[in-house]
Amino acid sequence: MPKEWILNSAVNRFQFNFKKNVGSTSESIRKCSPNNIEEWQNYYFENVRSKEHIEELGRKLYIKITEIIQFEVDQITEQDCIDYLLKLVIDRTFDGYMTEIKTIYEQLKDVFHLPINAAPDEWDRLYNVDFYIQVGKKYIGIQIKPVNNSIQLAQIHKEYNLQKSTHKKFYDKYGGNVYYIFSEKKDNKKVIKNPEVIDEIKLEIKRIESIC
């Protein structure tokens, strides 16, 4: 398996499997319509590429692996591996998370027609609030949570039950409720998974406006 993985990676990287090197294999095998592998092999070598041509590609592939890839592997240090994994799990995960939050944030701005502000660090620690909407002198809290599956969603609901007390403290001090907005990836776009929360927030805005 490790050997096959290296060969596959090198073949793709150096384009040995491209049409220019091995011909149009998918189209050719349909034309051949073989009943067994021997028929296909004979057809390929006679009509697409010769066996000698493929063997020569194999020799070139060997050179690429033993000279270029081996040289590159030798340049990799232990610290390179440590740095790469740290960047993978910390930097790239965080960047993806913030991109998702920003996408949902932009959608919310268009819905409420009110500024949505990033909460102070203190609010995140004390009240578990990421963003807020100011209505008069009162505030509505928002948490945006990217989710991938029902298991993660269940975990967030569990967190919500644990955070009820902090959200109550927020309400008691700032006069508005805190709402969870779940986001998910659908058709390569970030969408709000619980759109019903939009109406809930709109009602909360109206409630606060009525008492201001």
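See the structure printed just above.
Residues numbered from 1 in each chain as written. Predicted model: local features only at pLDDT ≥ 70, side-chain atom pairs only at ≥ 80, totals over all residues. Heavy atoms only, no water.

A. Layout of the overall build of the protein. When helices and strands are counted, the protein shows 9 helices and 5 strands. Each helix and strand of the protein, ordered N terminal to C terminal, gives the series α-α-α-α-α-α-β-α-β-β-α-β-β-α. On C-alpha atoms alone, the protein measures out to a radius of gyration of 29 Å, which is more than a quarter above the 17 Å that the 2.2 N^0.38 rule sets for 212 residues. With respect to the principal axes defined by its C-alpha atoms, the protein has extents near 85 × 45 × 30 Å. Sorting the 212 residues of the protein into buried and exposed places 29% on the buried side. In the protein, once contacts between residues fewer than 6 apart in sequence are set aside, the share between residues at least 24 apart is 58%. Across the protein, the 32 positively charged side chains and the 32 negatively charged ones have centroids separated by 5 Å. (Helix = DSSP H or I, 4+ residues; strand = E, 2+ residues; numbered from the N terminus. Rg over C-alpha atoms; globule rule 2.2 N^0.38 Å. Buried < 20%, exposed > 50% of the residue type's maximum accessible area, 1.4 Å probe, protein only. Contact = heavy atoms within 4.5 Å. Lys, Arg positive; Asp, Glu negative; His and termini not counted. Charge placed at Lys NZ, Arg CZ, Asp CG, Glu CD.)

B. Spotlight on a nonpolar patch on the surface. There is a patch of nonpolar side chains on the surface, built from I82, Y84, L85, L86, L88, V89 and I90 and spanning about 640 Å² of accessible area. For Y84, the position within the fold is in helix α6 (residues 78-112). With a relative accessible area of 46%, Y84 lands in the partly exposed category. (Patch = residues over 30% accessible without salt bridge, like charges linked within 9 Å, V, L, I, M, F, W, Y side chains within 5 Å. Areas by Shrake-Rupley, 256 points an atom, 1.4 Å probe, with all protein chains shown as cover. Salt bridge = Lys/Arg side-chain N within 4 Å of Asp/Glu carboxyl O.)

C. Local environment of helix α5 (residues 51-75). Compared with an ideal rise of 1.5 Å per residue, which puts 25 residues at 36 Å, α5 spans 36 Å between its outermost C-alpha atoms and is within 8% of the ideal. Taking the largest bend as the criterion, α5 deviates by roughly 30 degrees, centred on I69. Among all positions of α5, only L57, L61, I65 and I69 are buried. Where α5 is buried, its residues contact α1 (2-13) and α2 (19-22). (Expected span 1.5 Å × (residues − 1). Bend = angle between axes of the 7 residues up to and from the residue.)

D. Highlighting the packing of aromatic side chains. Under the counting rule described, the total for this entry stands at 13 aromatic pairs. The interplanar angle of 70 degrees and the centroid separation of 5.6 Å between the aromatic rings of Y127 and F170 together place this pair among those described as edge-to-face. In this pair, Y127 sits in helix α7 (residues 121-127) while F170 sits in helix α8 (residues 150-174), placing the two residues 43 residues apart along the sequence. As far as the burial class goes, Y127 and F170 line up, both buried. Aromatic pair Y127 and Y174: ring centres 5.8 Å apart, planes at 90 degrees, arrangement edge-to-face. Note that Y127 is positioned in helix α7 and Y174 in helix α8, a separation of 47 residues in sequence. Within the aromatic cluster, the residues linked to one another by ring pairs are W123, Y127, Y132, Y139, F170 and Y174. (Phe/Tyr/Trp six-rings, centres within 6.5 Å; stacked < 30°, edge-to-face > 60°.)

E. Broad picture of the side chain of Q143. When you line up the elements, Q143 lands in strand β3 (residues 138-146). At a separation of 2.6 Å, a polar atom in the side chain of Q143 contacts the main-chain carbonyl oxygen of N128. In terms of polar contacts, Q143 uses its side chain to reach the side chain of Y180, at 2.9 Å. Not counting the four nearest positions on each side in its chain, Q143 is found in contact with N128, V129, D130, Q163, H167, Y179, Y180 and I181. (Polar contact = N/O pair within 3.5 Å; in protein donor to acceptor, adjacent residues only side chain to side chain.)

F. Just the sheet that holds strand β5 (residues 189-192), in detail. Across the sheet, 5 strands lie side by side as β1-β2-β3-β4-β5; this open sheet has mixed pairing. The outermost strands of the open sheet, each flanked by one partner alone, are β1 (116-118) and β5. The sheet shows a mean angle of 35 degrees between the axes of neighbouring strands, taken without regard to direction. Taken together, the 6 bridges between β3 and strand β4 (residues 178-186) define a ladder with parallel strand orientation. Counted as the bridge partner of I142 is Y179 from β4. (Pairing = 2+ DSSP bridges. Axes fitted to C-alpha atoms, helices over the stretch in contact; angles between N-to-C directions.)

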